[in-house]
Amino acid sequence: MQEKKTTSENDPWSLMNDIIASVSVPEFPDATFNIIDFGANPDGITFNTEAFKKTIATCAEKGGGQVLVPKGKYLTGAIHLDNNINLHLEEGAEILFSTNPNDYPIVPTSYEGVELMNYSPLIYANKKTNIAVTGKGVLNGQAGNDNWWSWCGKDEYGWKNGMPKQKDSLSLPRLMDMGQNGTPLNERLFGEGHYLRPTFLEPYECSNVLIQGVKIVNAPFWIIHPFKSNNVIIDGVTVESHGPNNDGCDPEYCKNVIIKNCTFNTGDDCIAIKAGRDAEGRRVAIKTENIVVQNCKMIDGHGGVVIGSEMSAGVSNVYVDNCTMDSPNLDRAIRLKTNSRRGGIIDGVYVRNLEVGQVKEAVLKLNMFYATYTNQTGEFIPEIKNIWLENVTVKNGGEFGILAKGYKESPIKNVTLRNVNIEKVESAFSLENVSNLKLIDTYINGALMQSPPKEEN
């Protein structure tokens, strides 16, 4: 007799359409301000920071509109957006960002889940409303092994013994201590001499944000990083950047974010949903919620759609719908990573209509013991619950169908797979402390999974 399905099992997606309906595309006055008219030179050599600044300021003073970047190559430092500004790149336009750190003023920003005063993101907006970056042009961070990337301290990115790096005692370790201790933001002054790379595109405490159509390449660090921002649409963007920590998109402390029709080909997680690190995240206490990922393609990356590891304020209501993931260099399809320093709750991750060609390690990885940099154990046991995969096809799942590791005192709860077919995988499951795993119409290596597998401890 077929199992009777509850209403929530029939439709765990009821909130997704409400989220989509609640987020409207920003509208701008019908006025255009061409950067050429403000002194910009599209020769790829002339420095255009002042031209961008003047154009944006004039557009904002006159009520907003489109700041037009025509065909050509424009070298610049940081670009700071203002209210009601749509930075629009024509097809054939390419913005080349300087690799000189001095071209990026110190601003409030964030690094791996901890706020600080650091180099400005390449494109930045602070407490602005109704902003956009649109068009068919290219945003080129020009990052490489000879500039930003070597700061990560890894040989493969150009670092050599004796060169400075982010893990030096006065750099990232110092910042992490400040986050733990609650040091005021204005005292977390980094920048020159501290080797913490800027993010690429960061709306910081913004609302009504559109990023549409552009191609982003060669980023110093995290690529699209909405931070403490609400009502964000990222549509039709292509990200190609294989540097260190080159996450494609990292919504952090955000609400109502739609990521759709995008392609991610990255050196780290394609999409990584964040909510602050450790004591800092618990102190800020802004949950990241209502994130929709639709019609996206993930190629290289550590994970296709990831939550964590910075998730101490909590993450809920994440929807992944109608996406494809396929690469020998894609480690996992869906990945949740946390630990007992992070704490926090991940509640509600819903995945459907997912096609996976090939991943290296796992189709679904749920890990409460994620570790990087230093010892990551603490007294804040995290929770992971309500994970749903439906209508998923996988050709080659790598090592594991599901790789899950929870705590005895906080098992991973309520994981459901319905109509999932993993054609080939080395091991169907590796499970520790998982409660209420349901397998419905699910096939792995050709066999129907009729009952929850026994945990492997």
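Residues numbered from 1 in each chain as written. Predicted model: local features only at pLDDT ≥ 70, side-chain atom pairs only at ≥ 80, totals over all residues. Heavy atoms only, no water.

### A short note on the overall build of the chain
Turning to step 1, where the next piece is worked out: For the chain, the helix and strand inventory stands at 5 helices and 34 strands.
Turning to step 2, where the next piece is worked out: The C-alpha radius of gyration computed for the chain amounts to 22 Å, which stays within 12% of the reference 23 Å derived for 457 residues, consistent with globular compactness.
Turning to step 3, where the next piece is worked out: Across its three principal axes, the chain shows a C-alpha extent of roughly 75 × 50 × 35 Å.
Turning to step 4, where the next piece is worked out: By the burial criterion, 59% of the 457 residues in the chain qualify as buried.
Turning to step 5, where the next piece is worked out: Sequence-distant contacts, at least 24 apart, represent 74% of the contacts inside the chain between residues at least 6 apart.
Turning to step 6, where the next piece is worked out: The averaged location of the 55 negative side-chain charges in the chain is 3 Å from the averaged location of its 44 positive side-chain charges. (Helix = DSSP H or I, 4+ residues; strand = E, 2+ residues; numbered from the N terminus. Rg over C-alpha atoms; globule rule 2.2 N^0.38 Å. Buried < 20%, exposed > 50% of the residue type's maximum accessible area, 1.4 Å probe, protein only. Contact = heavy atoms within 4.5 Å. Lys, Arg positive; Asp, Glu negative; His and termini not counted. Charge placed at Lys NZ, Arg CZ, Asp CG, Glu CD.)

### What about the pattern of salt bridges?
Turning to step 1, where the next piece is worked out: Inspection of every chain in the model, using the stated rule, returns 22 salt bridges.
Turning to step 2, where the next piece is worked out: The salt bridge involving Lys 287 is made with Glu 289; its shortest N-O contact spans 3.9 Å.
Turning to step 3, where the next piece is worked out: You can call Glu 289 buried: its relative accessible area is 18%.
Turning to step 4, where the next piece is worked out: Bridged by salt links that share partners, the residues Glu 112, Lys 274, Arg 277 and Glu 310 form one connected network. (Salt bridge = Lys/Arg side-chain N within 4 Å of Asp/Glu carboxyl O.)

### Observations concerning helix α4 (residues 172-181)
Turning to step 1, where the next piece is worked out: Residues of α4 that are buried include every one of Leu 172, Leu 175, Met 176, Met 178 and Gly 179, and no others. All buried residues of α4 lie within an arc of 160° about the axis, which places them on one face of the element.
Turning to step 2, where the next piece is worked out: Buried-residue contacts for α4 involve β8 (106-111), β9 (114-119) and α5 (278-284).
Turning to step 3, where the next piece is worked out: One or two steps after α4, the chain reaches Gly 182, where phi turns positive at roughly 75°. (Arc of directions from axis to C-beta.)

### Quick word on the side chain of Thr 76
Turning to step 1, where the next piece is worked out: Within the secondary structure, Thr 76 is located in strand β4 (residues 72-76).
Turning to step 2, where the next piece is worked out: Polar side-chain contacts of Thr 76 include one of 3.3 Å to the side chain of Thr 49.
Turning to step 3, where the next piece is worked out: Ignoring sequence-local partners within four residues, the contact set of Thr 76 consists of Phe 47, Asn 48, Thr 49, Phe 52, Ile 95, Leu 96, Phe 97, Ser 98 and Tyr 104. (Polar contact = N/O pair within 3.5 Å; in protein donor to acceptor, adjacent residues only side chain to side chain.)

### So, the sheet that holds strand β5 (residues 79-80)
Turning to step 1, where the next piece is worked out: One open sheet holds the 3 strands; their spatial order is β5-β10-β13, and the pairing between them is parallel. At either end of the open sheet lies a strand with only one pairing partner, and these are β5 and β13 (201-204).
Turning to step 2, where the next piece is worked out: Two elements, strand β10 (residues 123-126) and β13, share 4 bridges in a ladder whose sense is parallel. Counterpart to Tyr 124 in the pairing with β13 is Glu 202. (Pairing = 2+ DSSP bridges.)

### Remarks on the sheet that holds strand β23 (residues 301-308)
Turning to step 1, where the next piece is worked out: Judged by pairing direction, the sheet is parallel, and its 6 strands sit side by side in the order β20-β23-β25-β27-β29-β31 without closing on themselves. Of all strands in the sheet, those with a lone pairing partner are β20 (271-273) and β31 (427-432), marking the two edges. Put simply, the sheet's adjacent strands are angled 15° from each other on average, direction ignored.
Turning to step 2, where the next piece is worked out: Judged from the 3 bridges that link them, β20 and β23 form a sheet pairing that is parallel. Across the sheet, the residue bridging to Ile 273 is Ile 307, located in β23. (Axes fitted to C-alpha atoms, helices over the stretch in contact; angles between N-to-C directions.)

### Quick notes on the nonpolar core
Turning to step 1, where the next piece is worked out: In terms of nonpolar packing, the biggest core is built from 111 residues, with Leu 81, Leu 87, Leu 139 and Ile 259 touching the most fellow members.
Turning to step 2, where the next piece is worked out: Setting aside residues up to four positions removed in sequence, Leu 87 forms contacts with Phe 52, Val 67, Val 69, Ile 79, Leu 81, Ile 95, Ile 123, Ala 132, Val 133 and Thr 134.
Turning to step 3, where the next piece is worked out: In this structure, Met 16, Leu 210, Ile 233 and Val 292 belong to the second largest nonpolar core, which totals 12 residues. (Core = buried A, V, L, I, M, F, W, Y, C linked by side-chain atoms within 4.5 Å.)

### Describing empty space enclosed by the protein
Turning to step 1, where the next piece is worked out: Scanning the model with the defined rule gives 2 cavities of 30 Å³ or more in all.
Turning to step 2, where the next piece is worked out: When its volume is computed, the largest cavity comes out at roughly 60 Å³.
Turning to step 3, where the next piece is worked out: Every residue lining the largest cavity is counted, 13 residues in all, and those nearest its centre are Leu 81, Ile 131, Val 133, Leu 201 and Pro 203.
Turning to step 4, where the next piece is worked out: Here the lining of the largest cavity is composed, by residue class, of 12 nonpolar, no polar and 1 charged.
Turning to step 5, where the next piece is worked out: The space that makes up the second largest cavity amounts to roughly 30 Å³.
Turning to step 6, where the next piece is worked out: Around the second largest cavity, the lining residues are Glu 383, Ile 384, Lys 385, Ser 410, Pro 411 and Lys 413.
Turning to step 7, where the next piece is worked out: With 3 residues, strand β28 (residues 383-396) is the largest single contributor of residues to the lining of the second largest cavity.
Turning to step 8, where the next piece is worked out: Looking at side-chain class alone, the lining of the second largest cavity contains 2 nonpolar, 1 polar and 3 charged residues. (1 Å grid on protein atoms, 1.4 Å probe; cavity = no way out; pocket = protein on both sides within 12 Å on 5 of 7 lines; lining within 4 Å. Points joined across faces, edges and corners; volume = space filled by probe spheres on them. Nonpolar A, V, L, I, M, F, W, Y, C, P; charged D, E, K, R; others polar.)

### Looking at the side chain of Arg 342
Turning to step 1, where the next piece is worked out: Here Arg 342 shows up in the loop between β25 (330-337) and β26 (345-358).
Turning to step 2, where the next piece is worked out: Setting aside residues up to four positions removed in sequence, Arg 342 forms contacts with Arg 277, Asp 278, Arg 282, Ser 309, Glu 310, Met 311, Ser 312, Gln 376 and Phe 380.

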